[in-house]
Amino acid sequence: MIRPHEEVFGRSLEFGERPALILIDLMRAYFEPGAELYLGSRDCLDAAARVLAAARTAGVPVVHTRVAYGPGGIDGGLFFRKVAPLRRLVGDHPLGALMPEVAPEPAELVIVKQYASAFFGSPLASALTASRVDTLVIAGVSTSGCVRATAVDAIQHGFVPIVVRQAVGDRAPGPHEAGLFDIQAKYGEVWEEADVIARL
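Every value quoted in this text rests on a predicted model; they were computed, and no experiment measured them.

(A) Here's a closer look at the sheet that holds strand S2 (residues 62-67). With parallel pairing, the 6 strands of this open sheet are ordered in space as S3-S2-S1-S4-S5-S6. Because the sheet does not close on itself, it has two edges, and the strands there are strand S3 (109-113) and strand S6 (189-191). Averaged over all pairs of adjacent strands, the angle between strand axes in this sheet comes to 25°, irrespective of strand direction. Pairing analysis gives 4 bridges linking strand S1 (residues 19-24) to S2, with the strands arranged parallel. Following the sheet pairing, Leu23 is matched in S2 by His64.

(B) Focus on unusual backbone geometry. Cis geometry is found at the peptide bond from Val141 to Ser142, where omega equals -15°. Looking at where Ser142 falls in the secondary structure, it is placed in the loop between strand S4 (135-141) and helix H5 (143-156). One non-glycine residue, Asp25, adopts positive backbone phi at about 50°. We note that Arg132 has phi near 60°; this positive angle belongs to a residue other than glycine.

(C) Main features of the pairing of S4. Where burial is concerned, most of S4 is hidden: 7 out of the 7 residues are buried. Residues of S4 alternate between two faces, with Thr135, Val137, Ala139 and Val141 on one and Leu136, Ile138 and Gly140 on the opposite face, all of them buried. Relative to S4, S1 runs parallel, the two being bridged by 6 bridges. The residue bridging Ile22 from the neighbouring strand is Ile138, located in S4. The pairing of S4 with strand S5 (residues 160-169) spans 6 bridges and is parallel. Bridge pairing in S5 links Thr135 to Val160. The parallel pair S4 and S5, bridged by H5, forms a crossover whose chirality is right-handed.

(D) Fine view of the layout of surface pockets. Volume-wise, the largest pocket comes out at about 230 Å³. Lining the largest pocket are 18 residues, and of these Tyr30, Phe79, Val83, Ser142 and Cys146 lie nearest its centre. Taken together, the residues of the lining of the largest pocket sort by class into 12 nonpolar, 2 polar and 4 charged.

(E) Quick look at empty space enclosed by the protein. Counted under the stated rule, the structure contains 1 cavity of 30 Å³ or more. Looking at the largest cavity, its volume works out to about 50 Å³. Split into classes, the residues belonging to the lining of the largest cavity amount to 6 nonpolar, no polar and 2 charged.

(F) The arrangement of helix H2 (residues 43-58) in detail. A rise of 1.5 Å per residue sets the reference length of H2, with its 16 residues, at 22 Å; its end C-alpha atoms lie 23 Å apart and thus fit the reference within 8%. Every buried residue of H2 is listed here: Cys44, Leu45, Ala47, Ala48, Val51, Leu52, Ala54 and Ala55. Taken together, the buried residues of H2 touch S1, S2, S4, S5 and helix H7 (193-199). At the C-terminal side of H2, Gly59 shows a positive phi close to 75°.

(G) Spatial organisation of the nonpolar core. Grouped together as the largest cluster of nonpolar side chains are 37 residues, with contacts concentrated most on Leu21, Leu23, Leu26, Tyr30, Phe31 and Leu89. Among the elements of the structure, S1, H2, S2, S4 and S5 are those that each provide at least two residues to this core. It is H2 that provides the largest number of residues to this core, a total of 7 residues. Apart from residues no more than four positions distant in its own chain, Leu21 is found in contact with Val51, Leu52, Ala55, Val60, Pro61, Val62, Val63 and Val137.

(H) Structural view of the environment of Leu136. Within the secondary structure, Leu136 sits in strand S4. Residues Leu136 and Phe15 lie 121 residues apart in sequence; the distance between their C-alpha atoms is 9.0 Å. With near-sequence residues (within four places) excluded, Leu136 lies in contact with Ala20, Ile22, Phe119, Leu128, Thr150, Ala154, Phe159, Val160, Pro161 and Ile162.

Parameters and conventions
Numbering of residues starts from 1 in each chain and follows the order in which that chain's sequence is written. This being a predicted model, a pLDDT of at least 70 is required before a residue's local features are given, and a value of 80 or more before pairs of side-chain atoms are given or counted; all residues contribute to the totals for chains, interfaces and linings. Note that the side-chain values use all heavy atoms of the structure and ignore hydrogens as well as water. Strand pairing follows a simple DSSP-based rule, namely that at least 2 bridges must link the two strands. Numbering goes from the N terminus for both helices and strands, where a helix is a DSSP run of H or I of at least four residues and a strand is a run of E of at least two. Comment: axis = line fitted to C-alpha atoms, over the contacting stretch for helices; angle = value between 0 and 180 degrees taken between N-to-C directions. Think of it in three bands: with a 1.4 Å probe and only protein chains considered, a residue is buried below 20% of the maximum accessible area for its type, exposed above 50%, and partly exposed in between. Seen with its strands pointing away from the viewer, a crossover is right-handed when the path leading from the first strand over the helix to the second is clockwise. In the cavity and pocket records, a cavity denotes points on a 1 Å grid over the protein atoms alone where a 1.4 Å probe fits but cannot get out, a pocket denotes an open set with protein on both sides within 12 Å along at least 5 of 7 lines, and lining residues are residues with an atom within 4 Å of a point. Grid points are joined across faces, edges and corners, and a volume is the space filled by probe spheres set on the points. Residue classes follow a fixed rule: Ala, Val, Leu, Ile, Met, Phe, Trp, Tyr, Cys and Pro count as nonpolar, while Asp, Glu, Lys and Arg count as charged, and any other residue, Gly among them, counts as polar. Helix span is expected to be 1.5 Å times the residue number reduced by one. Contact definition: two residues touch when any of their heavy atoms are within 4.5 Å. By nonpolar core is meant a set of buried Ala, Val, Leu, Ile, Met, Phe, Trp, Tyr and Cys residues that side-chain atoms within 4.5 Å join together.

Next up, the structure:
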């Protein structure tokens, strides 16, 4: 007998007292028509900008990530070889620039990453721990890739992952919905934008 999904994966994690917001890879590569990674919509960017404004107003720490590689993708390993569009993110390519709607402020941490998770090979866990953060609010792209990978690593590092449904996006609805379903079932919580803003 296969038990109902809700019975197996029906538990939830509470939003903590010391949240931080991370904006994953909100780069021109995803919002520039004609780019290989183009999402076809700016909806998640607009939602992320609203969540960012709320976080800043509340004094919540903010982290941004973007992707960039050294010459020939030397620091990207097999991931760089597997995902062809990453070759557009070598050096200071314009497609790697963060969108102006969510541009970092001087005091906000910007992590340059080479792999899917914002935690992998980065100072993110140490920075969050030093700030006594217990909850990581996640916005950005793509839902099935870097957002999901960051949520998985967040819970593995002891932070409650809260993914903002309207503030994440993907290139196709299937992977997007599957990613949200998977995160809610096993790795974190998927919250509505309005509820996150109210909680911040």
